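# Observations on the model geometry
Read off the chains here:
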Amino acid sequence: MIRQLRAGLPWLFRAAGAALLYLAVLDGLPAPTLLGCVIGFLVGQEPLSDLWFLLTHRLCGGRLHSASYGRGRRLWSGAIAGVPVELGALPTSGFLLPWGQLPVRAPRLRLWLGSVGLFGLHAGLGAWLATSTDGLPRGIGLGLCFSFVMAAVVTAPRQVNSLWAVFVLPFRPGAVPPDVESPSAVEAERLLLRGRIPEAHRMLDEGRPLALTPAAVALAEGRHEDAERLTDQAFQQGHTPENSSVAFLAAMTLVGRADAGEYSPAQAAARLEPYLSQLGVHDPALARDFLPAADLARLRNDPRTAVRAARRLSNAVGSRFRRSLACCSLAAALIAAGRPEQARKALARARGECPGLARIADLERLLEPTSVEVAR
């Protein structure tokens, strides 16, 4: 039941919290305590766990693949200690911190200790402030306690940083098999996200990389059969089509095959549709954050929708690799719309983000007959 309601539970808790604060104000709650409740609730949702993760992830064998804050239009991108970092124009409640785990001794024990530490920090600090202080600090404690209850319920089915890990993990030894990467595989993922495809390929080795790094490198290099085989393996290993990262690479592999002439537009569209429907999207115009939807609209002969969706994603927070793919999708849509000069500019942007992306050359070949027609 919790799994089915999890997406809506945070909003239910927020609505309940707002109602309780409203009743507390009517009952004469002091203004400093009220302000503290709001601050504690906001801090307790994600910033506290993000800070704990940043302080402890290396002790658990973790290594960051990337870090980003915000969404929408990208304001800044760069790298800190080799980790790709991006900032977006629209604020979010916390950072996005995808990571992998290196081979370490007792990885399950480290995960459990990290979860216990977060549990103690969040619940302990909130309870202490709520019961031992007054005014603003007491309000912060109440807010932390409320956000802790929300996090406990929402993350109950998950296996990382939740009460599940604290109370269930020790008694189910096989529940979380270690998913270990090699140091070079982590570096390969970082390099790919930064748009450095040849270096990312060289860094892949016999260690176990993040599930889809080899598939992403194969897609970037135009090895579509390898990319499709690797994404199929990911599905067979337990990844579901509802996982947007897996669905993204599987869908973009189909798009790449269409742009390379390996599939007809009708064939590619027919195979793309299931990925959107499995994510609950039946209209490409509504999938504003899923790039394959823009290509599906183009393949369905709706370049206007494709241009609008791809243009937004070509400027959005994500990674250089994904923005380059989005620029290519924008160029393909512009070609379909009969706007070759704008398509060339989009491809130039794609090359600037990710110089070795094979899809750029495929789309440049599509522009050649258009150039002849324009010349005539």
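Scroll up to find the structure this text is about.
## Let's talk about the nonpolar core
- With 63 residues, the main nonpolar core has L192, L291, F321 and L357 as its most contacted residues.
- Excluding residues that lie within four positions of it along the chain, L192 makes contacts with I197, A200, T213, A216, V217, A220 and F321.
- Core analysis: the second largest hydrophobic core is formed by six residues, A67, V83, V85 and L97 among them.

## Remarks on the packing of aromatic side chains
- What the rule picks out here adds up to four aromatic pairs.
- On the basis of an interplanar angle of 50° and a centroid distance of 5.6 Å, the ring pair of F41 and F146 is categorised as tilted. Taken together, the positions of F41 in helix α3 (residues 31–45) and F146 in helix α6 (residues 135–154) put the pair 105 residues apart, joining distant regions of the chain.
- With 5.5 Å between their ring centres and 55° between their planes, F53 and W99 make a pair best called tilted. With F53 in helix α4 (residues 47–56) and W99 in strand β4 (residues 99–101), the pair connects residues that are 46 residues apart, well separated along the chain.
- The positively charged end of R322 is found above the aromatic ring belonging to F248, 3.8 Å away from the centroid.

## Here we look at empty space enclosed by the protein
- Inspection of the entire model under this criterion finds two cavities of 30 Å³ or more.
- If you add up the space inside the second largest cavity, you get close to 40 Å³.
- Lining the second largest cavity we find L219, H224, G256, L325, L357, R359 and D362.

## A closer look at the packing of α3 against α4
- The interhelical angle for the contact between α3 and α4, taken along N-to-C directions, is 45°, at an axis separation of 3 Å. Taken together, α3 and α4 sit at an angle that is classed as oblique. Between α3 and α4, the residues in contact are L42, V43, G44 and Q45 and P47, L48 and S49, respectively.
- Its residues placed into classes, the contact of α3 with α4 shows four nonpolar, three polar and no charged.

## What about the pattern of salt bridges?
- Evaluation of the coordinates by the stated rule reveals 21 salt bridges.
- A salt bridge links D226 to R229; the shortest N-O distance between them is 3.5 Å. Here the residue D226 and the residue R229 both occupy positions in helix α11 (residues 224–236), the gap between them amounting to three residues, near one helical turn.
- A salt bridge links D362 to R365, with the shortest nitrogen-to-oxygen separation between them at 2.2 Å. With D362 and R365 both in helix α18 (residues 358–375) and three residues apart, this pair spans about one turn of that helix.
- Residue class for R365 comes out partly exposed when judged on its relative accessible area of 47%.

## Remarks on α11
- The first and last C-alpha atoms of α11 sit 18 Å apart over 13 residues, in line with the 18 Å expected at 1.5 Å per residue.
- If you check which residues of α11 are buried, you get H224, A227, E228, L230, T231 and A234. Buried residues of α11, viewed axially, fall in a sector of 165°; they line one side. Opposite its buried face, α11 presents the exposed residues E225 and Q236, each directed more than 90 degrees away.

## Looking at the side chain of R359
- Within the fold, R359 resides in helix α18.
- Of the residues examined, R359 reaches a relative accessible area of 6% and is grouped as buried.
- Not counting chain neighbours up to four residues away, the residues in contact with R359 comprise M252, V255, D259, D295, R298, L325, C328, S329 and A332.

## Let's talk about the environment of A361
- On the secondary structure map, A361 appears in helix α18.
- Spatially, the C-alpha atoms of A361 and A260 are 9.1 Å apart, while their sequence positions differ by 101 residues.

## A closer look at helix α12 (residues 244–259)
- Under the 1.5 Å per step criterion, the end-to-end length of α12 is 22 Å for 16 residues, consistent within 8% with the ideal 22 Å.
- The element α12 is largely enclosed, with a buried count of 14 among its 16 residues.
- Where α12 ends, the next residue or the one after it, G261, has phi of about 85°, a positive value.

## Section: a nonpolar patch on the surface
- A surface patch of nonpolar side chains, amounting to about 290 Å² of accessible area, comprises L35, I39, V43 and L136.
- Sorting elements by how many residues they give to the nonpolar patch places α3 first, with three residues.
- Mapped onto the secondary structure, V43 falls in helix α3.

## Topic: unusual backbone geometry
- Positive phi outside glycine occurs at A81, with the angle close to 55°.
- Topologically, A81 is positioned in the loop between β2 (67–80) and β3 (83–96).
- A81 gets classed as exposed once you look at its relative accessible area, which sits at 75%.
- One non-glycine residue with positive phi stands out, namely N301, at about 65°.

## Remarks on the side chain of Q101
- Residue position: Q101 is located in strand β4.
- A relative accessible area of 13% means that Q101 is categorised as buried.
- A polar side-chain atom of Q101 sits 2.8 Å from the main-chain carbonyl oxygen of C60.

Thresholds applied
Residues numbered from 1 in each chain as written. Predicted model: local features only at pLDDT ≥ 70, side-chain atom pairs only at ≥ 80, totals over all residues. Heavy atoms only, no water. Core = buried A, V, L, I, M, F, W, Y, C linked by side-chain atoms within 4.5 Å. Buried < 20%, exposed > 50% of the residue type's maximum accessible area, 1.4 Å probe, protein only. Contact = heavy atoms within 4.5 Å. Phe/Tyr/Trp six-rings, centres within 6.5 Å; stacked < 30°, edge-to-face > 60°. Helix = DSSP H or I, 4+ residues; strand = E, 2+ residues; numbered from the N terminus. Lys NZ or Arg CZ within 6 Å of the ring centre and 35° of its normal. 1 Å grid on protein atoms, 1.4 Å probe; cavity = no way out; pocket = protein on both sides within 12 Å on 5 of 7 lines; lining within 4 Å. Points joined across faces, edges and corners; volume = space filled by probe spheres on them. Axes fitted to C-alpha atoms, helices over the stretch in contact; angles between N-to-C directions. Parallel < 35°, antiparallel > 145°, perpendicular 65-115°, else oblique. Nonpolar A, V, L, I, M, F, W, Y, C, P; charged D, E, K, R; others polar. Salt bridge = Lys/Arg side-chain N within 4 Å of Asp/Glu carboxyl O. Expected span 1.5 Å × (residues − 1). Arc of directions from axis to C-beta. Patch = residues over 30% accessible without salt bridge, like charges linked within 9 Å, V, L, I, M, F, W, Y side chains within 5 Å. Areas by Shrake-Rupley, 256 points an atom, 1.4 Å probe, with all protein chains shown as cover. Polar contact = N/O pair within 3.5 Å; in protein donor to acceptor, adjacent residues only side chain to side chain.

By themselves these figures say nothing about function.
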